[in-house]
Amino acid sequence: MKTKILLINILMVSCFFVRAQTLDALLQKAYDNNPELKALQLEYEAAMQVGPQQSQLPNPTLGIGIPILPVETRLGSQRLMVSASQMFPWFGTLKSREDVVLSMAKSKYERVADERLDIDFQIKTAYYNLYLLQEQQAIIRENIRIFETIQNVALAKVESGKSIASDVLTVQIKIEELNQQIQILEQQKHGFSAVINAAVNNPIDNTIQVDSGKIDFAVLTLDTETIQQKIQSNHPLIKQLDWKIEASNQAIALNTLEGIPSFGLGLDYSMVSARTDASPLNNGRDILIPRLMVSIPISRKKYNAKEEEEKLKQQAFSYQQDNLTNKMMSQIQGYKSEYESAKLMYDLVNRQMDLSNSAYEILLVEYSNKGTRFDELMKLQSDLNRYRMENINAIVKSHLAKFKIERLTDY
C-alpha cells in the first residue's frame, strides 16, 4: 500500500517537470508538421503544374526524305525533301484546357482544408479527454485526503472505544481502491497522447501534459438557418464539389471549342540538283511549297455525348451537395442534443453537490462526537466523489459536443 502511494506521489511530482502544452500550440504544430497535410498540399501543388502543360501548342512536325530513286523534274532531280508543319487549335482552346485542369486542382485544395478540420477535431478531442482524466485524478486524490481524514477520526474513535476496528479497515480498503483508479486513469492517458503525437508528428510515446487551468461549461449558440447557409457556401467538401461543377462547365466550353475546325501551317522544301544534259531556264532551282491545313471534326456524336456527360455530372454533384448538407445538419442536431444532455447533467450534479456537502458536514461532526452513522458518512463521501466526477465529465462533454459542431462549421 505504501509502495503504491509512493509511486503515485513520484508520478505526481514528475508531472510538474513536464511543461504543459497549450491547445493552440499543439494545433499550430500540427499545421506545420502533420504528414497527411503536407502530402495533400504537395498533391495540390503538383496538380497546379498540370495547367501550363495543357496550354501549350501541339508539337510541330518535321520530316526529312531522301529519295532512293531520285524524282526527275524539268529543272533537275530531287535529292532531298524537308517538310515542317504546326497545327493551331481554335482561339481560346488552349486557355480553356488550362482552366479545366486548374479548377480540378482547386478542388484538391479543399481536401487540405477538410483534413485540417479533421486534425483540429482529433487534437481538441484528445486534449480535452486528457484534461478530463487529469481532473478526475485530481478529484480522486482530494477524495483520498478526505478519506484519510475520516480514517484518522475512525482511529481516534476506536482508541476511545466509541467505534470498531472494521471502520478503519473499511476506509483503508476505499483508499486503496481510489489509488488503483488513479493508476487506471493514468494508463488511459496513453491512448489520447498517442493521437496527439501522431497528429503533430511527434514520437508516439511522447508525454503530453495539458494545461491544468479551470475550464467552464461550454457556451453554444446555434442559428440553424445561418449554419446551413454557411455549410452550403463555405464547407470544404461542398466547395470541392463547387469546383468540380466549375470544371464541368469549363469542360463543356472546351468541348465546344474542340468541335470547331483547327488550322495548321506547313512548309515543304525540295533540294533539286541541276541538269547536266540540258540548260533550261532556272536549271536546278529548289522547290518551296507553303501549305495551309484544316482539321474538320465531321463526326459530332462524341462532342454531343461529352456535353451530355458533363451535364449529368453536374446534376450528380448538385445532389451530392444536397445530401452532404442534409447529413451535416442532421449531425449538428445530434451534437446539440449531446450538449443539452451535458447541460442537464451539469445543473443536476451541482444541486446534488450543494446538498450533499451540507449533509456531509453534519454526518462528519456526528461521527466525530458519537462514532455513529459511519456507513452513511462513507456512502455520502463516495457520492460526493461521484458528483464531482460527473460535474467535470459534463463540462468536458459540453466542449466535445461543441468541437463536433465546429468540425462542420468552423472554417
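For every chain, the first residue of the written sequence is number 1, and numbering continues from 1 onward in sequence order. The model is predicted, so local features are restricted to residues of pLDDT at least 70 and side-chain atom pairs to those at 80 or more, both for listing and for counting; the totals for chains, interfaces and linings are taken over all residues. As a rule here, side-chain values come from all non-hydrogen atoms in the structure, and water together with hydrogens is ignored.

A few points about the packing of helix α5 (residues 93-159) against helix α6 (residues 165-200)
When two helices pack together, you describe them by how their axes are tilted relative to each other and by the distance separating the axes.
Working step 1: Here, axes are lines fitted to C-alpha atoms. For helices the fit covers the stretch in contact, and angles between N-to-C directions go from 0 to 180 degrees. Strands here are runs of E lasting at least two residues and helices are runs of H or I lasting at least four, both read from the DSSP assignment and numbered beginning at the N terminus. Interhelical geometry of α5 versus α6 gives an angle of 165° and a closest axis separation of 9 Å. In this view, α5 runs roughly antiparallel relative to α6, as classed from their interaxial angle. In the packing of α5 onto α6, the handedness of the crossing is left-handed.
Working step 2: Under this grouping Gly is polar, as are all residues other than the nonpolar Ala, Val, Leu, Ile, Met, Phe, Trp, Tyr, Cys and Pro and the charged Asp, Glu, Lys and Arg. Each residue belonging to the contact of α5 with α6 can be placed in one class, and the counts come to 25 nonpolar, 12 polar and six charged. Each angle gets one of four labels, with under 35 degrees taken as roughly parallel, over 145 as roughly antiparallel, 65 to 115 as roughly perpendicular, and the rest as oblique. Less than a right angle of anticlockwise turn of the near helix away from the far helix marks a crossing as left-handed, whereas a clockwise turn marks it as right-handed.

Quick look at α5
Working step 1: By this rule, a helix spans an expected 1.5 Å times one less than how many residues it contains. Over its 67 residues, α5 runs 100 Å from end to end, which matches the ideal 99 Å to within 8%, given 1.5 Å per residue.
Working step 2: Taken from the residues just after α5, Gly-161 is the one with a positive phi, measuring 80°.

Considerations on the side chain of Asn-129
Working step 1: For Asn-129, the position within the fold is in helix α5.
Working step 2: Two residues form a contact once any of their heavy atoms are found within 4.5 Å. Those residues in contact with Asn-129 that lie beyond four places of it in its chain are Phe-192 and Leu-400.

Examining the pattern of salt bridges
Side chains that differ in charge, positive against negative, can pair when their charged atoms come close.
Working step 1: What makes a salt bridge here is a side-chain nitrogen of Lys or Arg within 4 Å of a carboxyl oxygen of Asp or Glu, nothing more. One pass over the structure, following the stated rule, counts 22 salt bridges.
Working step 2: In this structure, Arg-97 engages Glu-258 in a salt bridge whose closest nitrogen and oxygen atoms are separated by 3.3 Å. With Arg-97 in helix α5 and Glu-258 in helix α8 (residues 236-258), the pair connects residues that are 161 residues apart, well separated along the chain.
Working step 3: For the salt bridge of Glu-309 with Lys-306, the shortest nitrogen-to-oxygen distance reads 4.0 Å. Pair noted here: Glu-309 and Lys-306 are both in helix α9 (residues 301-370), with a separation of three residues, about one helical turn.
Working step 4: Accessible area is worked out with a 1.4 Å probe on protein chains only. A residue is then buried under 20% of its type maximum, exposed over 50%, and partly exposed in between. On the basis of relative accessible area, Glu-309 is assigned to the partly exposed category, the value being 35%.
Working step 5: The class for Lys-306 is partly exposed, based on a relative accessible area of 29%.

Description of the nonpolar core
What tends to happen in soluble globular proteins is that the nonpolar side chains get buried as a cluster.
Working step 1: Throughout this description, the term nonpolar core refers to a set of buried Ala, Val, Leu, Ile, Met, Phe, Trp, Tyr and Cys residues connected via side-chain atoms within 4.5 Å. Counting 66 residues, the largest nonpolar core has Ile-123, Tyr-128, Ile-150 and Tyr-360 as the members making the most contacts within it.
Working step 2: Secondary structure elements with two or more residues in this core: α2 (23-33), α3 (35-48), α5, α6, α7 (224-234), α9 and α10 (374-409).
Working step 3: Every residue in contact with Tyr-128, bar those within four places of it in the chain, is listed here: Leu-23, Ile-215, Val-396, His-399, Leu-400 and Phe-403.

With respect to the packing of aromatic side chains
Working step 1: Pairs were defined over the aromatic rings of Phe, Tyr and Trp, the Trp ring being its six-membered one, requiring ring centres within 6.5 Å. Orientation was assigned from the angle between planes: stacked under 30 degrees, edge-to-face over 60, tilted for the rest. Scanning the model with the defined rule gives eight aromatic pairs in all.
Working step 2: Geometrically, the ring pair formed by Tyr-44 and Tyr-109 is tilted, given 5.0 Å between the ring centres and 55° between the ring planes. Within this pair, whereas Tyr-44 is found in helix α3, its partner Tyr-109 is found in helix α5, the two being separated by 65 residues in sequence.
Working step 3: Residue Tyr-44 is classed as buried on the basis of its relative accessible area of 17%.
Working step 4: Between the aromatic rings of Phe-217 and Tyr-346, the centroid separation amounts to 4.9 Å while the plane-to-plane angle is 35°, which identifies the pairing as tilted. Here Phe-217 is found in the loop between α6 and α7, whereas its partner Tyr-346 is found in helix α9, with 129 residues between them in sequence.
Working step 5: In textbook terms, an aromatic cluster arises when at least three aromatic residues are bridged by ring pairs, as seen for Tyr-127, Tyr-128, Tyr-131 and Phe-403.
Working step 6: Both a distance and an angle decide whether a charge sits over a ring: NZ of Lys or CZ of Arg must be within 6 Å of the ring centre and within 35 degrees of the ring normal. One Lys or Arg, Arg-116, reaches over the ring of Tyr-31 and ends 3.6 Å from the middle of that ring.
Working step 7: It is Lys-230 that lies over the ring of Tyr-411; its NZ or CZ is 5.4 Å from the centre.

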